[in-house]
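Fold and geometry: a report
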Amino acid sequence: EKQLGRAVELEPGFAKPHEDLGVLHLARDDADAAIACFEKALALNPSQVSTMRGFAAALQRAGREEEAEALRINMIRASSTSTLLAEADALVKQGGTAEAEKLCDVVLSREPDNIDALRVLAIAATEDERFVIAEGFLRRIVKLAPESASALRDLGKFLGDRGRYPEAIEQLQPAAELSPQ
């Protein structure tokens, strides 16, 4: 904490030490101190997603649920499609499938045929063992990109993993022709 405090003293106009100090206060369950740090960091760099996320967590921990939710909604609206997809992908890898799905829904509201969002949704559904839904997303991807070897491979692997070998072969053969390995 002393080192972060010193970093803030040396570079008061640099947002990252304020954010890091906020994370430290949040880890120590001092929501009010965390809020002050995140507010300062956001004043210096208002578009930093990690700072907004920390600020929302601090607000929630302080019992300010409505403010936290409003901040999350604004953060999502302000984020680029690529940022939302990267965040959704990271969330799925961490087991946060429900939150990842919300982000992908935002992407699909902007771009209804976004293959990357559909892929993340398929992975999330598979992780949650909602296999019919996952298959629907994978088939939609193949329909949108019928010449994509990776889309065909993903669907073929999914089907094969479920013991549906003839259907898997139907997808994997054209995938191999499109992109022999």
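A brief report on the enclosed structure follows. (Residues numbered from 1 in each chain as written. Predicted model: local features only at pLDDT ≥ 70, side-chain atom pairs only at ≥ 80, totals over all residues. Heavy atoms only, no water.)

1. Regarding the packing of helix α4 (residues 49–61) against helix α5 (residues 65–78)
- Direction vectors running N to C along α4 and α5 enclose 160 degrees, while the axes themselves pass 7 Å from each other. Classed by the angle they form, the pair α4 and α5 counts as roughly antiparallel. With respect to the hand of their crossing, α4 and α5 are arranged in left-handed fashion. Along the contact surface, α4 presents Val 49, Met 52, Arg 53, Phe 55, Ala 56, Ala 57, Leu 59 and Gln 60, while α5 presents Glu 65, Glu 67, Ala 68, Leu 71, Arg 72 and Met 75.
- Classifying every residue of the contact of α4 with α5 gives nine nonpolar, one polar and four charged. (Axes fitted to C-alpha atoms, helices over the stretch in contact; angles between N-to-C directions. Helix = DSSP H or I, 4+ residues; strand = E, 2+ residues; numbered from the N terminus. Parallel < 35°, antiparallel > 145°, perpendicular 65-115°, else oblique. Left-handed = near helix turned anticlockwise from the far one by under 90°. Contact = heavy atoms within 4.5 Å. Nonpolar A, V, L, I, M, F, W, Y, C, P; charged D, E, K, R; others polar.)

2. Focus on the side chain of Ser 79
- Mapping Ser 79 onto the fold places it in the loop between α5 and α6 (81–93).
- Residue class for Ser 79 comes out buried when judged on its relative accessible area of 10%. (Buried < 20%, exposed > 50% of the residue type's maximum accessible area, 1.4 Å probe, protein only.)

3. Observations regarding the nonpolar core
- With 30 residues, the main nonpolar core has Ala 88, Leu 103, Cys 104, Ala 117 and Leu 138 as its most contacted residues.
- Elements represented by at least two residues in this core include exactly α6, α7 (97–110), α8 (115–127), α9 (131–144), α10 (149–161) and α11 (165–178).
- Of the residues forming this core, the biggest block, seven residues, is contributed by α8.
- Of all hydrophobic cores here, the second largest spans 14 residues; its members include Phe 38, Leu 42, Met 52 and Leu 59. (Core = buried A, V, L, I, M, F, W, Y, C linked by side-chain atoms within 4.5 Å.)

4. Things to note about the packing of helix α3 (residues 31–44) against α4
- Contact geometry of α3 with α4 gives a least axis separation of 9 Å together with a crossing angle of 150 degrees. Viewed along their axes, α3 and α4 adopt a mutual orientation that is roughly antiparallel. Relative to α4, the crossing made by α3 is left-handed. Where α3 approaches α4, its residues Ala 31, Ala 34, Ile 35, Phe 38, Glu 39, Ala 41 and Leu 42 are matched on the opposing element by Thr 51, Met 52, Gly 54, Phe 55, Ala 58, Leu 59 and Arg 61.
- Split by residue class, the contact of α3 with α4 holds ten nonpolar, two polar and two charged.

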